[in-house]
Amino acid sequence: MDDDVQVLMPVRSAPSLPPPRVAGASGDPEVDVLIAGYGPVGAVLAALLGGRGLSVAVVEPRHEPTPLPRAVGVDEEILRLLVRLPGLAGLLDHVHAGGRQMILGPGRRVLLELGLGESDLGMPVAAFFHQPTFERDLRAGIATLPTVQVHRGRAVTALHQPPAAGRDNPAHHEDAVTVELDDGARLRARWVVGCDGASSPVRRMLGIGYGGTTFAQRWLVVDVATPAPLAHLPYFAFSCDPQRPSVTIPTPGGHRWEWMLLPDEDPQQMTTPASVRALLRPWVDPDQVQITRTAVFTFQARTADRWRQGHVLLAGDAAHSMPPFSGQGLGAGIRDAAALAWRLEEILRGLAGDDLLDGYERERRRHVETVIAGALRIGRLVQTTNPTLSRLTRTILFTLDRTPGLRQALRGGVTHQRPRLPGRIAGPLPGAGVVLPNPRLRTLDGHLRRLDDLLTDAWTLIGLGADPVAGLDPMARAWADRRAATTLAVVAPGDLHILAGVTCPALEDLDGTLIRLLTHSHPHHAGHASGLGHLGHLGRGRPGTGSAPRPPRVSATRVAVVRPDRFLLGVFSTPPRGIDLPGFADSPAAQTSPVPILLRSIR
Ligand SMILES: Cc1cc2nc3c(=O)[nH]c(=O)nc-3n(C[C@H](O)[C@H](O)[C@H](O)COP(=O)(O)OP(=O)(O)OC[C@H]3O[C@@H](n4cnc5c(N)ncnc54)[C@H](O)[C@@H]3O)c2cc1C
């Protein structure tokens with residue numbers, strides 16, 4: 001184990017985690033999850049599963065990560081997830097936080113400027129990173145996880161899963177997949193995840209289609225290293241120049257340009273040093289930078305027809321691929337990994353049935369389709385070469401930017417539309433599908449913490465004004481215990497005394513973010529100005545006011561139940577009952593209980 005690598009993800013006690021398997025019934029080595037592909041998505045999934053103590057085998061033909069970056073941009077939610085992974089604790093020190101974005105016209109005239117605003121996740125709203133450094137650090141972190149083995153220099157060549165595996169015949173015991181590698185080795189895995197890129201051999205082995213469009217439009221990508229950041233180009237910018245649409249992006253230690261190639265241009269000729277220098281010249285002195293990479297890409301907007309077949313799943317580019325204009329391709333894959341990791345853990349620990357995975361594709365496909373539609377819209381805007389259309393677009397953008405009031409709003413920080421799981425998919429509870437914010441809190445011992453510092457990769461229960469576990473019925477308590485759920489109690493500033501005697505961490509919600517979330521999620525509290533006044537009736541009387549202290553509240557007035565991937569399952573206005581909680585019906589203790597409605601809706 002490398003002592004320099006700090007594993008930041010808080011370790012939680014795993015009460016019933018089965019030990020890693022070493023051999024299956026057939027004698028082949030057996031693991032919980034085999035991941036085909038050690039690209040960025042496979043690596044993030046390996047870190048998330050290995051961090052949970054699950055046994056993981058990763059198979060990857062290449063010995064080293066790709067030395068040249070593809071993705072450069074990630075958003076706040078992805079950063080929030082990444083900084084918790086082993087090896088990536090220092091990630092924020094190595095990213096270029098993108099404070100604003102520009103849309104330029106010919107001659108680099110600013111048409112529209114957008115401020116990116118503040119994030120309530122404690123991260124830059126958007127940031128640019130160096131993919132090879134990120135992959136190297138993550139791999140070093142994964143090397144510290146004892147249950148993850150990486151088979152480099154080998155490829156998955158065949159998959160065998162019993163026809164009866166999966167939902168068709170849940171009684172079938174042989175619920176594992178045998179995976180053949182190109183050196184003749186065989187591995188058995190309870191689950192296989194194909195993170196093997198857009199041309200996914202796993203997807204092809206399963207005979208799953210990859211519908212959508214490949215665009216004829218070619219873009220030339222040039223990365224340069226610079227001795228210092230280019231002070232005259234500090235922000236991400238799209239250039240809506242019909243002569244040559246382009247993108248310029250500051251990156252850590254350098255800069256990236258992407259230029260659209262025109263239909264009659266020869267890619268080989270355009271990638272010669274002379275051509276690249278000519279393209280760079282209007283932006284920077286080519287002698288002052290070192291060209292590190294030149295490549296021509298085409299883009300596609302495609303999704304796999306199915307993301308699961310029996311015990312084999314697809315994630316990342318294997319499941320979807322999109323034009324890069326919204327910078328979400330890798331982010332989407334990382335979201336897949338987060339959506340898969342907790343579901344696989346629940347299933348592998350016997351806490352939920354396989355159909356928990358039905359929610360994976362439902363949830364993720366909807367998001368991916370939305371992002372692809374957005375990327376295509378941006379692409380149409382940026383790639384316009386029709387002079388009339390381009391002039392019209394530029395005029396509209398310029399007018400918007402110069403409209404009094406709107407200009408200040410746009411520059412001051414546009415409201416970031418964070419993806420929320422669609423209601424029908426996230427479940428019926430108030431607040432379902434909302435991303436848990438990451439506010440600043442004060443602990444009882446006077447420390448200032450971000451909420452994330454107090455969370456693990458397990459479920460979380462947040463009680464308003466009391467310990468969220470205090471009012472749970474025995475079945476709900478058992479549900480939380482089996483999942484080693486994190487429990488927190490939160491109050492408004494100045495009300496910490498209300499929480500005297502609670503056994504979970506007691507927290508003061510410094511700017512009321514959590515309290516608003518807990519109270520506003522309920523229809524009859526909507527419109528409440530701050531949400532904080534609601535807590536008046538919870539108090540025992542302020543110390544020193546002369547009123548006799550009353551015993552602490554037995555149960556919280558609201559309980560937020562947060563999934564391990566930090567989406568809200570929802571806010572309960574009374575302590576949740578065991579039968580209200582997902583997976584409950586699959587646990588041994590609940591075999592005779594009625595199946596809750598909620599369970600059906602989150603799958
Ligand atoms: C020019 C460009 C710019 C981009 N910019 C951004 C951006 O700014 N932000 C963003 O979020 N995304 C961006 N993307 C998209 C992003 O790069 C991809 O979505 C991301 O790299 C996909 O990661 P992945 O792990 O799913 O697949 P890959 O990175 O393709 O990894 C797949 C891995 O599977 C391995 N493999 C293949 N066959 C087998 C087999 N038989 N067995 C086992 N392993 C196998 C491969 O060797 C590879 O290592 C950009 C893409 C391009 C091309």
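What this report covers is the structure whose coordinates are included nearby. (Residues numbered from 1 in each chain as written. Predicted model: local features only at pLDDT ≥ 70, side-chain atom pairs only at ≥ 80, totals over all residues. Heavy atoms only, no water.)

1. Some thoughts on the sheet that holds strand β24 (residues 506-509)
Put simply, the test is: A pair of strands is treated as paired once DSSP finds two or more bridges between them. Numbering of helices and strands starts at the N terminus; helices are DSSP runs of H or I of at least 4 residues and strands are runs of E of at least 2. Axis geometry follows a simple rule: fit a line to the C-alpha atoms, using only the stretch in contact for helices, then measure angles between N-to-C directions, giving values from 0 to 180 degrees. Two residues form a contact once any of their heavy atoms are found within 4.5 Å.
Taken in spatial order, the seven strands line up as β21-β20-β24-β23-β22-β25-β26 in an open sheet, and their pairing is mixed. In the strand order of this sheet, the two ends are held by β21 (448-450) and β26 (568-572), each with one partner. Averaged over all pairs of adjacent strands, the angle between strand axes in this sheet comes to 30°, irrespective of strand direction. Of the strand pairs in this sheet, strand β22 (residues 460-464) and strand β25 (residues 559-562) are connected by four bridges, and their pairing is antiparallel. Note on β25: the bridge partner recorded for Leu 461 is Val 561. The sheet contacts of helix α13 (residues 513-520) involve β20 (440-443), β22, β23 (486-491), β24, β25 and β26, and relative to β22 the element is tilted by about 85°.

2. A short note on the packing of helix α1 (residues 40-51) against helix α3 (residues 131-142)
Helices that pack against each other are described as a pair by the angle of their axes relative to one another and the distance between those axes. Heads up, the condition is: Note on angle classes: values under 35 degrees are labelled roughly parallel, values over 145 roughly antiparallel, values of 65 to 115 roughly perpendicular, and the remainder oblique. Handedness of a crossing is defined here by the sense of rotation of the near helix relative to the far one, left-handed for an anticlockwise turn of less than a right angle and right-handed for a clockwise turn.
Running from N to C, α1 and α3 point in directions that differ by 30°, and their axes come no closer than 10 Å. The pairing of α1 with α3 is recorded here as roughly parallel in orientation. The crossing of α1 and α3 is left-handed. Mapping the contact onto sequence places Pro 40, Ala 43, Val 44, Ala 46 and Ala 47 in α1 and Gln 131, Phe 134, Glu 135, Leu 138 and Ile 142 in α3.

3. Some remarks on the environment of Pro 242
Its location among the elements puts Pro 242 in the loop between β13 (236-239) and β14 (246-251). In this structure the C-alpha to C-alpha distance between Pro 242 and Pro 106, which are 136 residues apart in sequence, comes to 7.9 Å.

4. Topic: the side chain of Thr 226
Keep this limit in mind: For this analysis, a polar contact is any N or O atom pair within 3.5 Å, provided that within protein one partner can donate a hydrogen and the other can accept it, and provided that sequence-adjacent residues contribute only side-chain to side-chain pairs.
With respect to the helices and strands, Thr 226 occurs in the loop between β12 (210-225) and β13. In terms of polar contacts, Thr 226 uses its side chain to reach the backbone carbonyl oxygen of Ala 228, at 2.9 Å. Once residues lying within four places of it in the same chain are set aside, the contact partners of Thr 226 are Gly 253, Gly 254 and Val 289.

5. Digging into the nonpolar core
Threshold: What is meant by a nonpolar core is a set of buried Ala, Val, Leu, Ile, Met, Phe, Trp, Tyr and Cys residues, joined one to another through side-chain atoms within 4.5 Å. For the exposure calls, accessible area comes from a 1.4 Å probe over protein chains only, and a residue counts as buried if that area is under 20% of its type's maximum, exposed if over 50%, partly exposed in between.
Membership of the largest hydrophobic core comes to 98 residues, with the highest contact counts inside it found for Leu 34, Val 44, Leu 82 and Leu 344. Here this core gets twelve residues from one element, more than from any other, and that element is helix α7 (residues 329-348). Aside from chain neighbours lying at most four places away, what touches Leu 34 is Ala 57, Val 59, Val 156, Val 179, Leu 187, Ala 189, Trp 191, Val 192 and Val 193. Core analysis: the next-biggest nonpolar cluster, separate from the first, contains 19 residues, Leu 436, Ile 462, Leu 507 and Ile 515 among them.

6. A look at the site of the ligand
The criterion, for reference: Working definition: residue near molecule or strand if any one of its non-hydrogen atoms lies within 4 Å of it. Classification used: nonpolar for Ala, Val, Leu, Ile, Met, Phe, Trp, Tyr, Cys and Pro, charged for Asp, Glu, Lys and Arg, polar for all others including Gly.
Taken together, 29 residues form the shell around the ligand, and within it Glu 60, Arg 70, Gly 73, Asp 317 and Leu 330 come nearest. Secondary-structure elements contributing two or more residues to the shell around the ligand are α1, β2 (56-60) and α7. Counting residues per element, the shell around the ligand draws most heavily on α7, which supplies three residues. Per-class residue counts for the shell around the ligand are 14 nonpolar, nine polar and six charged.

7. Digging into the packing of aromatic side chains
Each pair of aromatic rings is reported with the distance of its centres and the angle of its planes. The condition that has to hold: In this scheme Phe, Tyr and Trp rings, the latter by its six-membered ring, pair at centre separations within 6.5 Å, and the angle between planes marks the pair as stacked below 30 degrees, edge-to-face above 60, and tilted otherwise.
Tallied over the entire structure, the rule returns ten aromatic pairs. Look at Phe 299 and Phe 325: their rings are 6.1 Å apart centre to centre, the planes differ by 75°, and that puts the pair in the edge-to-face class. With Phe 299 in strand β16 (residues 290-304) and Phe 325 in the loop between β19 (320-321) and α7, this residue pair connects regions lying 26 residues apart in the sequence. Taken together, a centroid distance of 5.5 Å and an interplanar angle of 85° make the contact between Trp 342 and Trp 459 edge-to-face. With a gap of 117 residues between them, Trp 342 in helix α7 and Trp 459 in the loop between β21 and β22 connect regions that are remote in the sequence.

8. Here we look at the pairing of β23
Note the cut-off: Think of it like this: strands point away, you trace from the first strand over the helix to the second, and a clockwise trace means the crossover is right-handed.
Of all six residues in β23, six are buried; the element is thus mostly enclosed. Neither face of β23 is open: one carries Thr 486, Leu 488 and Val 490, the other Thr 487, Ala 489 and Val 491, and all of them are buried. Here β22 runs beside β23; their pairing, made up of five bridges, is parallel. Looking at the pairing, Ile 462 lines up with Leu 488 of β23. For the crossover from β22 across helix α12 (residues 474-482) to β23, the handedness is right-handed. Sheet analysis places β23 next to β24, joined by three bridges and oriented parallel. Considered in β24, the bridge of Ala 489 is made with Ala 506.

9. Regarding the environment of Val 56
Relative to the assigned elements, Val 56 resides in strand β2. In sequence terms Val 56 and Ala 46 are ten residues apart; their C-alpha atoms lie 6.7 Å from each other. Every residue in contact with Val 56, bar those within four places of it in the chain, is listed here: Val 31, Val 33, Ile 35, Ala 46, Leu 49, Gly 50, Thr 147, Val 148 and Gln 149.

10. Some words on the pairing of β20
Residue alternation in β20 divides its side chains into a buried set, Leu 441 and Thr 443, and an unburied set, Arg 440 and Arg 442. Sheet topology note: the β20/β21 ladder contains three bridges and is antiparallel. Residue pairing for β21: Arg 442 is matched across the bridge by Leu 448. Joining the antiparallel neighbours β20 and β21 is a turn of four residues, in which Gly 446 adopts a positive phi near 80°. Strand direction decides the pairing type here: β20 and β24, joined by three bridges, are antiparallel. Looking across to β24, one finds that Leu 441 is bridged to Asp 509.

11. Regarding α13
Along α13, six of the eight residues are buried, which leaves the element largely enclosed by surrounding structure. Along α13, the residues classified as buried are Thr 513, Leu 514, Ile 515, Leu 517, Leu 518 and Thr 519. On its buried face, α13 is in contact with β20, β22, β23, β24, β25 and β26.

12. Some words on the packing of α7 against helix α8 (residues 358-382)
Interaxial distance between α7 and α8 falls to 10 Å at its minimum, and their mutual angle equals 165°. Compared by their axis directions, α7 and α8 come out roughly antiparallel. α7 and α8 meet at a crossing whose hand is right-handed. Contacts from Ala 332, Arg 335, Asp 336, Ala 339, Leu 340 and Arg 343 of α7 reach α8 at Gly 359, Tyr 360, Glu 363, Arg 364, His 367 and Val 368. Split by residue class, the contact of α7 with α8 holds five nonpolar, two polar and five charged.

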